[in-house]
Amino acid sequence: MARSYRKNGVPGEPGWPVFGKSLALLRNPAKVSHEMVSKYGQVYWSNAFGRTNVSMLGPDANEFVLMDRERNFSSAGGWNPLLGLLFPNGLMLRDFDDHRAHRRIMQVAFKQPAMQNYVAKLNEGIRQGLDRWREKGDFRFYEAIKQLTLNTAASVFLGMPLGKEADRINQAFFDSVQAAVAVIRTPIPGTKMWRGVQGRKYLEQFFREQVPLRRGTAGTDMFTLLCNAVDEEGNTYTDSDIVDHMDFLMMAAHDTLTSSITTLIYELCRHPEWQDAARRECAALNLPPDNLPYEHLAELQIIEWCFKEALRMNPPVPSIPRTAVREFQFGGYTIPAGTTVNISPGYTHKMPELWENPQNFEPDRFSEQRAEDRKHKFAWVPFGGGAHMCIGLHFAYMQTKVFMYQLLLNYEFHLDDGYEADFQIMPIPKPKDGLPIHLRPLEEAA
Ligand code: HEM
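What comes next is a walk through the structure. (Residues numbered from 1 in each chain as written. Predicted model: local features only at pLDDT ≥ 70, side-chain atom pairs only at ≥ 80, totals over all residues.)

### Quick look at the overall build of the protein chain
Right, on to step 1. A tally of regular secondary structure across the protein chain gives 16 helices and 14 strands.
Right, on to step 2. For the protein chain, the C-alpha radius of gyration of 22 Å lies close to 22 Å, the compact-globule estimate for 446 residues.
Right, on to step 3. Seen through its principal axes, the protein chain has C-alpha atoms that stretch 65 × 55 × 45 Å.
Right, on to step 4. Counting only residues that meet the buried cut, the protein chain has 43% of its 446 residues in that class.
Right, on to step 5. For the protein chain, contacts bridging at least 24 residues in sequence account for 70% of all contacts bridging at least 6. (Helix = DSSP H or I, 4+ residues; strand = E, 2+ residues; numbered from the N terminus. Rg over C-alpha atoms; globule rule 2.2 N^0.38 Å. Buried ≥ 20, exposed ≤ 12 C-beta atoms within 10 Å, placed from the backbone. Contact = placed C-beta atoms within 7 Å.)

As structure tokens, then:
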């Protein structure tokens, strides 16, 4: 099957007829990239997910593509086949000047005063969510954190109380996120893609009706902020822009947070010494166990290392696609316009040249003493980099810290003896069995 030849001078192989390397990549992307690198080096081509891709691996490639100093690469071209139908015109699906103009307006919703309000809402939503977990005891963590993240999103992103309408929105949103990774890409009735398209329609209608009601009001949720956002030059969003950006923002935040917090919990169960250290750090703040104020976020250093390490081990966006808008040179190859290229945080994060014991969970690799992430500016790239670098990066740290703070000060958590999770990596890392864990209120565990 592996008929290798050069395409535009780049070595590689197509993989199986029709599927190319899709199935192998879904099964084990690390294995595929290691095999390909050992045959062809860190730049190679192959077929997957209906198109020919040139993989460009390692930190130099990350820097070249993400910084894009020569304006070679379209993010819209890379992401549209995956997300265009369900999340059209989202920020990641825009390029160059148009992208910059839209990003500038969106920044309003990520400035410090906005973030302070989100932290207050996060604390409240997480407190309510964790109270409900008290009854559960033993449960599948992945599903539970997914629901909790959806519920907090209703208040933080939409400024809505929990209830029937929030449930309907959550369902519509859930359907469109599921469809983003559906195998059947045509919306035939009954398929995930069809449910996703219906979900998108519902959300579009909801946002569209709400925009005029929110313009000119003083709400502190992300939706109301976007309705009233003005950049330094006085630019604002149209109603359609707001619909598209809200839908995309909720998608971009949801699965990434669910995935990374799940990896973090798994590793903290496997490494109780880090779970205890993180708990001691929280207790040392001497604050109520159900509220982490914004001003104290920066003090949770150990949780930050642990989260960074979880993002290194299982980056929620394991590979980042672009299309070349013009011919470019990299690694001794000349690659033509129109080529789809992929860089891979997943591969870079496990390179032994960059990371000591890359398969191990060692959060102190991010400490001043070890500082492994500083060996190369693009060694650790879970949030991407350059013009499209994740705009929700600080939000992600905030939600994780508030959640971990309240969890650690109220509960102890562990796995069955000898349990090992089997993670599906593509399109987004998640434990295949949902990660069964045991949760004990601290007063019982003592
Ligand atoms: C652990 C959590 C998260 C991870 C790992 C993550 C990862 C990423 C990555 C890798 C990109 C860049 C993709 C590219 O260059 O093609 C990105 C972009 C983006 N993310 Fe996140 N993200 C996370 C959380 C969030 C949250 C919480 C939000 C919103 C509140 C968010 C909103 C966005 C948006 C709007 C973009 C597009 C930025 C642009 O194109 O300018 N993300 N994210």
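### Observations concerning the packing of helix α8 (residues 164-180) against helix α11 (residues 239-270)
Right, on to step 1. Relative to each other, α8 and α11 sit at 75°, their axes nearing to 11 Å. By the angle class used here, α8 and α11 are roughly perpendicular. Along the contact surface, α8 presents Phe173, Val177 and Ala180, while α11 presents Met250, Met251, His254 and Asp255.
Right, on to step 2. Counted by class, the contact of α8 with α11 contains five nonpolar, one polar and one charged residues. (Axes fitted to C-alpha atoms, helices over the stretch in contact; angles between N-to-C directions. Parallel < 35°, antiparallel > 145°, perpendicular 65-115°, else oblique. Nonpolar A, V, L, I, M, F, W, Y, C, P; charged D, E, K, R; others polar.)

### Digging into the site of the ligand
Right, on to step 1. The ligand sits among 22 residues. The nearest are Ala253, Thr256, Gly384, Cys390 and Gly392.
Right, on to step 2. When residues in the shell around the ligand are grouped by element, the largest group, six residues, is from α11.
Right, on to step 3. Looking at the shell around the ligand residue by residue, the classes come out as 15 nonpolar, six polar and one charged. (Near = placed C-beta within 6 Å.)

### Some remarks on the pairing of strand β7 (residues 320-324)
Right, on to step 1. Counting buried residues along β7, five of its five residues qualify, which places the element largely inside the surrounding structure.
Right, on to step 2. Alternating residues of β7 divide into Ile320, Arg322 and Ala324 and Pro321 and Thr323, and every residue in both groups is buried.
Right, on to step 3. Direction of pairing for strand β5 (residues 73-74) relative to β7: antiparallel, over a ladder of two bridges. Residue pairing in the sheet places Ser74 in a bridge with Thr323 of β7.
Right, on to step 4. Bridge count for β7 against strand β10 (residues 340-343) is four bridges, and the pairing is antiparallel. Looking at β10, one finds that Pro321 is bridged to Asn342. (Pairing = 2+ DSSP bridges.)

### Quick word on the sheet that holds strand β6 (residues 138-140)
Sheets are built from strands that pair by backbone hydrogen bonding, the pairs being arranged parallel or antiparallel.
Right, on to step 1. The strand order across the open sheet formed by three strands is β6-β14-β11, and the pairing between neighbours is antiparallel. The strands lining the two open edges of the sheet, one partner per strand, are β6 and β11 (411-414). Taking each pair of neighbouring strands and ignoring which way they run, the sheet shows an average axis angle of 35°.
Right, on to step 2. Note: β11 against strand β14 (residues 436-441), four bridges, orientation antiparallel. Residue pairing in the sheet places Phe413 in a bridge with Leu439 of β14.

### A word on the nonpolar core
Right, on to step 1. Formed by 72 residues in total, the largest nonpolar core has its most connected members in Leu226 and Cys306.
Right, on to step 2. What Leu226 contacts, discounting residues up to four positions off in sequence, is Ala109, Tyr237, Ile242, His245 and Met246.
Right, on to step 3. Counting residues in hydrophobic clusters, the runner-up holds 28 residues, among them Val43, Tyr44, Ile335 and Phe378. (Core = buried A, V, L, I, M, F, W, Y, C linked by C-beta atoms within 7 Å.)

### Overview of unusual backbone geometry
Right, on to step 1. With an omega dihedral of -5°, the bond running from Met426 to Pro427 counts as a cis peptide bond.
Right, on to step 2. Within the secondary structure, Pro427 is located in the loop between β12 (423-424) and β13 (430-431).
Right, on to step 3. Phi at Phe49 takes a positive value of approximately 50°, unusual for a residue other than glycine.
Right, on to step 4. Take Phe49: it is sitting in the loop between β3 (43-48) and β4 (51-56).
Right, on to step 5. For Phe49, a count of 19 C-beta atoms within 10 Å corresponds to the partly exposed category.
Right, on to step 6. The phi dihedral of Phe96 falls on the positive side, at around 50°, and the residue is not glycine.

Any functional reading would require information that these geometric values do not contain.
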